[in-house]
Every structure is written in structure tokens, then in C-alpha cells.
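Descriptive structure summary
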Amino acid sequence: MSEAQSTQQLILDTAGRIFNDHCNKPLLDRAEQGHLAETLWGQIAENGFNLLGTADSGTSAQDMFAFIQLCGNHAVPLPIAETLLVNRWCGPGDGLFSVGEVADGRIVEVPWGRAVQKVVGVQRNSDTVFVVNAPEVVEQGVNMAGEPRDVVSLPDTAEQLTVADAWAQMAVARSNQIAGSLLKLLDLGILYSSERIQFGRAISKFQAIQHSLAIVAAEAAAAKRAADAAVDALDGDRFVFEVAAGKARVGEAAGLVAEQIHQVHGAMGFTHEHQLHHYSRRAWAWRDEYGNEFYWQALLGSHLANLGADQVWSFIATRG
Amino acid sequence: MLQFDRISLAEQTESLRAEVREFLKDNDQHFPLPISDFTTGHDPEFSRKVGDKGWIGMCWPQQYGGSERSFFERYVVTEELVSAGAPVSAHWIADRQSGPLLLRFGTEQQKQTYLPQIARGEAYFSIGMSEPDSGSDLASVRTTAVKEGDQYRINGTKIWTTDAHRNHYIICLVRTEPPSENRHAGLSQIIVDLKNDGAQAKPIKNIAGNEEFNEVVFEDVMVPADRIVGEPGNGWTQVTSELAYERSGPERFLSAYRVFVELVRACGESPAPHEAAAIGRIAAHFMTLRRMSISVAGMLENDKDAVVEAALVKELGNNFEKEVVEVARLAAPMAARSPRFRDTFEQTLLLSPSFTLRGGTREILRGVIARGLGLR
């Protein structure tokens with residue numbers, strides 16, 4: 001293992017222990033009722049995980065996105081991906097921050113807009129981003145996973161910065177969060193099917209269930225590989241197309257995996273009491289944020305059509 | 001197990017890739033209608049040319065005719081050949097499977113005899129696994145090889161044997177001991193010379209109208225005892241390791257690649273949104289599968305056990321390559337379909353049922369994955 005790999009493993013091991021201990025069903029339920037997980041945030045900040053990937057942190061963008069993937073895996077109910085990207089764009093800061101999309105003179109779909117010190121507004125078709133300190137929340141809302149998605153005002157005085165592909169970078173964050181959640185869904189399916197007894201044996205012993213979980217494993221593995229590939233393309237000249245391939249592939253896997261894993265869990269997984277929905281609903285919600293499959297497929301497809309049929313292979317057959 | 005390492009191909013693979021593309025351009029008279037299915041196009045002349053370039057047995061030691069290149073360099077060559085739709089079927093099995101099997105388990109004499117011929121693109125191999133009553137349940141094979149002095153007497157029937165009517169050799173999985181409680185015991189692999197030993201290969205026409213696979217009948221076929229690959233009784237271990245090599249290569253997701261190319265052509269430079277999305281969706285899958293497949297090449301390069309990862313690539317890849325054909329059908333505007341679109345599409349669709357059968361059915365692979373997940 002290289003030094004960079006062992007640094008990353010250390011980060012993931014440490015963070016994984018914290019999340020295993022503290023990011024559980026009761027915490028996720030409380031977060032859904034609107035309570036910010038302050039203790040968990042404190043532990044993240046204490047370990048410097050909110051500064052991963054920033055200059056002088058001794059860590060890379062790869063480390064940052066690997067951590068975001070882990071947060072998705074544990075459904076960490078904080079705008080941690082947003083905080084990390086704001087720190088990447090604006091320089092390291094101490095607080096909890098968020099990111100939303102600029103629309104009609106406001107910033108919409110802002111995770112935990114109500115609880116953060118700074119919001120950055122990004123745009124799909126522009127590299128100009130708007131930095132709003134001490135944001136004013138004009139509307140509170142939630143996505144289908146019960147995660148706060150607020151609207152904050154965008155004052156004329158907001159500082160403007162140029163950040164290349166900020167919106168697409170958010171899509172990479174979501175891709176990684178989804179990849180993490182799909183691996184969790186697979187684990188939950190394996191666990192439940194091994195414990196649930198019907199016809200005198202664990203349902204995991206039935207071929208029908210084994211095949212469902214095999215499909216899920218394949219999709220989850222593909223999602224992870226696709227999300228990682230988008231990260232590796234960061235700052236390169238085909239970044240946006242790798243984001244497209246990644247988010248499109250991951251989004252497709254999300255629907256399939258959530259469907260199969262719910263089926264494996266039967267009625268039990270359909271209850272609010274079971275933890276499954278905290279992960280499945282996030283996967284469902286995140287696949288639509290920052291471009292759904294159709295959006296990214298069409299963007300990638302238009303580019304390839306423009307290159308022409310005989311150039312497509314050269315585009316696909318990259319070194320990395 | 002679900003960790004597919006992020007691998008970048010070394011920069012020097014680019015010049016090799018360019019060389020392969022140049023070669024394909026110079027030899028495109030060998031494939032007027034490019035089809036990416038690796039069992040299509042049995043062309044000894046083309047295979048000899050590939051051999052001349054040193055692109056068969058690329059990873060084998062030089063003493064056996066190989067060129068001692070990396071699994072990644074081999075990957076580049078194979079994906080260029082398959083994506084271009086070149087006629088690789090004559091040498092494909094020998095290069096991918098039989099050669100590596102002999103290299104790993106064969107006797108010194110077998111390596112010296114067969115590997116250099118394979119590497120030159122002159123010796124072609126078939127796989128003698130399935131039988132009329134043994135498909136997915138491979139351990140139930142009934143073909144026997146009974147030792148008589150310094151020979152084996154072979155009796156039985158192999159089936160679905162690709163190209164047995166035109167290849168030179170077949171490596172058969174046979175019972176050298178009667179069945180016992182351990183059904184994996186007593187199996188061996190033995191090389192039969194299809195041209196000279198008296199085995200009868202009868203082609204079976206497939207739904208595409210092609211005669212590619214065969215029934216091969218062995219009636220008192222006598223072969224020298226030194227044709228046993230490796231140790232007698234080690235057959236089961238050998239075939240299972242052979243299958244790991246078979247399952248993860250680019251040919252496991254590129255079979256319908258030429259249909260995709262014709263789809264892009266049919267949609268033109270400025271496709272409608274749904275056409276663009278169809279193209280983008282397929283491309284996103286290709287890009288991801290390719291990276292997973294390269295990760296497995298990396299595991300093989302480092303002698304890691306890749307059985308489950310290879311099964312994951314094949315499971316995803318085979319289902320996807322069937323879907324490519326369907327997506328192309330739905331997305332390509334009728335009026336823009338060239339004769340080449342139609343021929344490529346129809347041939348590939350007719351071949352597509354085999355994608356999830358050959359090299360282990362979808363059902364068997366899901367079982368392999370489930371075992372990897374600890375479910376069985």
C-alpha cells in the first residue's frame with residue numbers, strides 16, 4: 001500500500017469508527033425531525049475531516065471524496081459534502097457550510113440552509129458562484145429523504161468567485177454519496193436475509209434471494225467504480241464528461257438497488273421503524289440532485305454524437 | 001470484493017494501441033462487416049498476422065513464443081481487436097484460455113509443443129467442457145478416458161464446442177476415475193488432436209444460421225498418455241481456474257459494440273434528446289465496465305484471486321451487451337438506418353442469446369457472486 005493509500009485508509013477507519021458509534025437510527029430520526037447533529041459535527045471537526053482536500057491539510061481531493069462516500073454509506077445527516085466543497089472553493093474555514101443552486105435571484109435546495117454560516121450558490125451553466133455569509137433563510141423544506149433543503153436569499157452584495165465546474169463537482173459529491181449508500185443497502189440486504197427465517201431456513205439460502213443480492217452487488221460495485229472515476233478526472237479536460245458517465249451510471253444503479261433491497265426486506269423494510277429507509281430514500285433523492293440520469297446521459301451522448309461514430313472508441317478507451 | 005482498484009494504463013500502452021489501430025486499418029479487408037462478438041470471424045490468415053505482430057500469447061515467457069508483456073498490454077490489444085470487430089475467433093480461445101492453462105499446469109513438453117504454435121497464430125483450440133447431459137453441472141461429465149498402457153481410450157460426447165470442426169485441438173474434461181462421493185475428484189483434462197485422433201466433430205447450425213458450435217463424438221479415440229494436462233485427477237481445480245481468465249475480459253461486454261457505433265452514426269451529429277440520452281447511457285456503461293475489467297486485469301497481473309470480481313464483470317457485462325442491442329433498436333431512427341446498421345444489428349441480436357450462456361450462464365455466475373457474498 002502506498003503512503004497516500006494508507007493515509008486515506010486511516011481517515012476512513014477513524015471516521016468509520018465514529019460513524020459506527022454515533023450515526024445510528026435514533027440520530028437519523030432526530031435529524032429528520034430537524035435537529036442538527038451537533039455532537040457528530042463536533043467530532044468531525046475535531047478530527048479535521050471538514051478540511052480534507054484543502055491546501056496544507058496533507059490530504060487530497062481523492063481523500064475528500066472517499067470521505068464523502070463514507071458519509072453517504074452512513075447517511076451522515078449533515079451538509080458535510082457541501083462544507084468540504086465550500087472549503088475547497090473558498091479556502092479552509094471552521095464552520096458548517098452549504099451549497100445550493102441559484103434560481104430566480106435566490107439559492108434553492110440548500111441542505112441545512114437554516115443551520116449553516118455560509119452558503120455558496122452554484123449554477124449549472126456558469127463558473128460564477130455566489131458566496132453568502134450569514135444566509136437568510138426565506139423558506140424551509142425537505143427532500144424525499146427528509147433532509148433539509150432550504151431556500152436562502154441571494155443579496156446583491158454576495159461575493160462572486162470563479163470556480164470551474166462547481167455544479168458538476170456537486171454532482172460528483174452526490175455520486176459518491178449514492179455509491180456509499182448502495183454499498184450500505186447491500187450490507188443491509190445480506191444481514192436481513194441471513195437473519196430472516198422462512199420455510200425453516202434463512203431466506204439467504206434461497207436461490208431467488210441470492211440472485212437478487214448478486215445483482216445488487218454488481219450494481220453497487222459498478223456505482224463505486226463509476227463514482228471513483230469521476231473523482232480521478234477532477235481538473236482534467238474531460239472532467240464534465242466523466243461526471244456525466246459517473247452520475248448517470250450511479251443514478252441508474254440507485255433505483256435498481258433500492259428496489260431489490262426493499263424486496264428482500266419484505267414488509268419489514270417498508271416500515272418507518274426499520275432503518276432501511278434512511279438509506280434507500282437518500283439514494284432515491286440524491287439521484288435527482290445535480291442532474292438525473294437523463295440529463296447527464298443526454299449531455300454525454302450529444303458530445304459523442306458530435307465527435308462522430310468512428311471517434312467514440314477513442315473517447316471510451318482512456319488510460320485512466 | 002466490491003473494491004475495483006483504480007488503475008491507469010501506463011503511458012507506453014498508447015504507442016502499442018496506436019500500432020494495433022494502424023494494423024487494423026491496414027487489414028480491414030479481413031472484416032468487411034465488423035461484428036464485435038469474439039466467436040464471429042474465423043480467419044486463420046488474419047490470426048497468423050496477429051501472431052506475427054506478437055499479439056498472441058503476449059504475457060507468456062519468450063522461451064514458449066511469448067513476448068513477456070503485461071496483462072495491461074494484452075488488455076489494450078484485445079480491446080482494440082474486439083471493439084473494431086476484427087475476426088479473432090480462430091486464435092481467441094487458445095490465446096485467452098488454453099495457452100494460459102497449459103502454461104500454468106501443463107508439462108514442459110506440452111508447453112514446448114503447443115505454446116509456440118499458438119503464439120504464431122497457427123494452432124487453434126476448442127474447449128471440451130459441456131456434454132449433452134452436463135451443462136452448468138459441469139462435474140457430472142461422463143466422457144471417460146481409461147488408461148491402457150501408455151495411452152488413454154476416450155469415449156463420450158462433448159457439445160456446444162465452438163469451432164471444433166475447424167480448430168486443431170480440444171482440451172477435454174474427462175473422468176479418469178469412476179465417480180465417487182467427492183464428485184470433483186477423478187476428473188482430468190486431456191488434449192485431443194481434432195485433425196488426427198479420430199474424434200468426429202459435427203457442426204450444429206445456430207439461430208443466426210452460422211455453423212460455429214459442434215457436437216464432438218469420441219468413440220474409442222486413443223491418445224498418448226502424455227496428453228493429460230498437469231496431474232491426472234486435477235481437472236476440477238484446473239477448469240475452475242481457467243474460467244477466471246475467461247470471464248472478465250473486454251469481450252464480455254463489447255460483443256455488441258459495433259451496434260453502438262452504428263447507432264451513433266444513425267443518430268447523426270445533432271441527435272434528439274432521447275437519442276443523445278440513449279447514446280450517453282450506453283457510453284456510461286461501457287466506460288464503467290471497462291474500468292472494472294481493467295481492475296481485474298490488474299489483479300491477474302498481481303496473481304490475486306479474481307474469481308468473484310471476474311464474475312461480477314461478466315454478470316454486468318453480458319446483461320448490458322444484450323441491452324445495447326435493444327437500446328439501439330429503440331433509439332435509432334428508422335429512416336437513418338443504413339444497410340450496415342441493419343446487418344450489424346440483426347446479426348448481433350441473433351447472437352445475443354449466447355452472451356449470457358457461454359463461459360458460465362447468468363444463473364451460475366450469480367451463484368458464484370452469492371458465494372463471494374457469504375450467502376452459500
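Computed from a predicted model, the values in this text were never measured in an experiment.

Before going further, it helps to spend a moment on the overall build of chain A. The secondary structure content of chain A amounts to 11 helices and nine strands. Taken over C-alpha atoms, the radius of gyration comes to 20 Å for chain A, in line with the 20 Å a tight globule of 320 residues would show. Principal axes of the C-alpha set define a box for chain A whose edges measure 65 × 55 × 45 Å. In chain A, which comprises 320 residues, the proportion classed as buried is 61%. In chain A, once contacts between residues fewer than 6 apart in sequence are set aside, the share between residues at least 24 apart is 68%. Measuring between centres, the 23 positive side-chain charges of chain A sit 7 Å from its 37 negative side-chain charges.

Our focus in this paragraph is the side chain of A:T59. All names here are of chain A. By secondary structure assignment, the location of T59 is in the loop between helix 3 (38-46) and helix 4 (61-73). One polar contact links the side chain of T59 to the main-chain amide nitrogen of G53, over a distance of 2.7 Å. Within the local environment of T59, its side chain forms a polar contact with the side chain of S57, the two groups lying 2.6 Å apart. Residues in contact with T59, not counting those within four places in the same chain, are I11, L51, L52, G53 and T54.

With 53 residues of chain B at the contact, the number on the chain A side is 53 residues. A buried area of about 4500 Å², summed over both sides, lies between chain B and chain A, and 63% of it is on carbon and sulfur atoms. A per-residue breakdown of the area chain B buries against chain A is headed by B:R6, B:R291 and B:L375, which together make up 18% of the total. Taken together, the connections running from chain B to chain A amount to five salt bridges. Of the charged contacts in the structure, one is a salt bridge between A:D228 and B:R6, with a shortest N-O distance of 3.5 Å. Joining chain B to chain A, the criterion identifies 19 residue pairs in polar contact (both at pLDDT 80 or more). Residue assignment for the side of chain B that touches chain A shows that the elements contributing at least two residues are helix 1 (13-26), helix 3 (71-84), helix 7 (257-267), helix 8 (273-301), helix 9 (307-331) and helix 11 (362-372) of chain B. Per element, the largest residue contribution to the side of chain B that touches chain A is 17 residues, and it comes from helix 8 of chain B.

Turning our attention to helix 1 (residues 3-22) of chain A. Residue and element names in this part refer to chain A. Between its first and last C-alpha, helix 1 extends 29 Å over 20 residues, near the 28 Å set by a 1.5 Å rise per residue. Looking only at helix 1, the buried set comprises Q8, I11, L12, A15, G16, I18 and F19. Angularly, the buried residues of helix 1 cover 165° about the axis, an arc narrow enough to put them on a single face. Exposed and oriented more than 90 degrees from the buried face of helix 1 are E3, L10, R17, N20 and D21. Against the buried residues of helix 1 lie helix 3 and helix 4.

This next bit is on the domain arrangement of chain B. Residues and elements named next belong to chain B. What the domain assignment lists for chain B is domain 1 (13-123), domain 2 (127-234) and domain 3 (248-372). Distance between the C-alpha centres of domain 1 and domain 2: 24 Å. Taken together, the contact between domain 1 and domain 2 spans 18 residues of the former and 17 residues of the latter. Of the roughly 1400 Å² buried between domain 1 and domain 2, counting both surfaces, carbon and sulfur atoms make up 55%. The interface formed by domain 1 and domain 2 contains six residue pairs in polar contact (both at pLDDT 80 or more). Of all the elements in the fold, those that place two or more residues in the side of domain 1 that touches domain 2 are helix 4 (89-105) and helix 5 (108-119). Residue composition of the side of domain 1 that touches domain 2, by class: seven nonpolar, 10 polar and one charged.

The next subject is the side chain of B:T361. All names here are of chain B. Within the fold, T361 resides in the loop between helix 10 (339-351) and helix 11. Overall, the relative accessible area of 16% leaves T361 in the buried class. In contact with T361, not counting residues within four places along its chain, are S136 and T356.

Okay, the pairing of strand 6 (residues 149-153) of chain A next. Residue and element names in this part refer to chain A. Burial analysis of strand 6 places five of its five residues in the buried class, the great majority of the element. By the alternation rule, side chains of strand 6 split into R149, V151 and S153 and D150 and V152, which are all buried. Sheet topology places strand 5 (residues 137-139) next to strand 6; two bridges connect them, and they run antiparallel. Paired with V137 across the bridge in strand 6 is V152.

This next bit is on the pattern of salt bridges. Opposite charge on two side chains makes pairing possible when the charged atoms of those side chains draw close. Residue and element names in this part refer to chain A. All chains considered together, the criterion is met by 41 salt bridges over all chains. Salt-bridge contacts for R88 lead to D235; the nearest nitrogen and oxygen are separated by 3.7 Å. One end of the pair, R88, is in helix 5 (residues 80-90); the other, D235, is in the loop between helix 7 (207-232) and helix 8 (239-265), with 147 residues separating them in the sequence. Residue R88 is classed as partly exposed on the basis of its relative accessible area of 25%. For D235, a relative accessible area of 70% corresponds to the exposed category. Its salt-bridge partner being R249, residue E219 comes within 3.1 Å of it at the nearest N-O pair. Taken together, the residues E219 in helix 7 and R249 in helix 8 connect sequence positions 30 residues apart.

So, how was this worked out
- Per chain, residue numbering runs from 1 following the sequence as it is written.
- Here chains are named by letter from A upward and ligands by number from 1 upward, in the order in which they appear as written.
- In keeping with the model being predicted, local features are shown solely for residues with a pLDDT of at least 70 and side-chain atom pairs are shown and tallied solely at 80 or more, while totals for entire chains, interfaces and linings include all residues.
- In computing side-chain properties, one takes all heavy atoms of the structure into account and sets aside hydrogens as well as water.
- Going along the chain from the N terminus, every DSSP run of H or I of four or more residues is numbered as a helix, and every run of E of two or more is numbered as a strand.
- Here the radius of gyration uses the C-alpha set of atoms, whereas the globule reference equals 2.2 Å times the residue count to the power 0.38.
- Only protein chains enter the calculation, and the probe is 1.4 Å; a residue is then buried if its accessible area is under 20% of its type maximum, exposed if over 50%, and partly exposed in between.
- Should any heavy atoms of two residues lie within 4.5 Å, those residues are counted as being in contact.
- Counting rule for charge: Lys and Arg are taken as positive, Asp and Glu as negative, and neither His nor the chain ends is counted.
- Charge positions come from single atoms, namely NZ of Lys, CZ of Arg, CG of Asp or CD of Glu.
- In protein, a polar contact requires one atom able to donate a hydrogen and another able to accept it; more generally it is a pair of N or O atoms within 3.5 Å, and residues adjacent in sequence count only if both atoms are side-chain atoms.
- In this description, buried area is defined as the sum, over both parts, of the accessible area (probe of 1.4 Å) that is lost when the two are combined.
- Every case where a carboxyl oxygen of Asp or Glu lies within 4 Å of a side-chain nitrogen of Lys or Arg is listed as a salt bridge.
- Given a helix with a known number of residues, its expected span is that number minus one, times 1.5 Å.
- The directions considered for the arc run from the helix axis to the C-beta atoms.
- All the domain ranges listed were derived from an automatic or database domain assignment.
- Note on residue classes: Ala, Val, Leu, Ile, Met, Phe, Trp, Tyr, Cys and Pro are nonpolar, Asp, Glu, Lys and Arg are charged, and everything else, Gly too, is polar.
- By the convention used here, strands pair only if DSSP detects at least 2 bridges between them.

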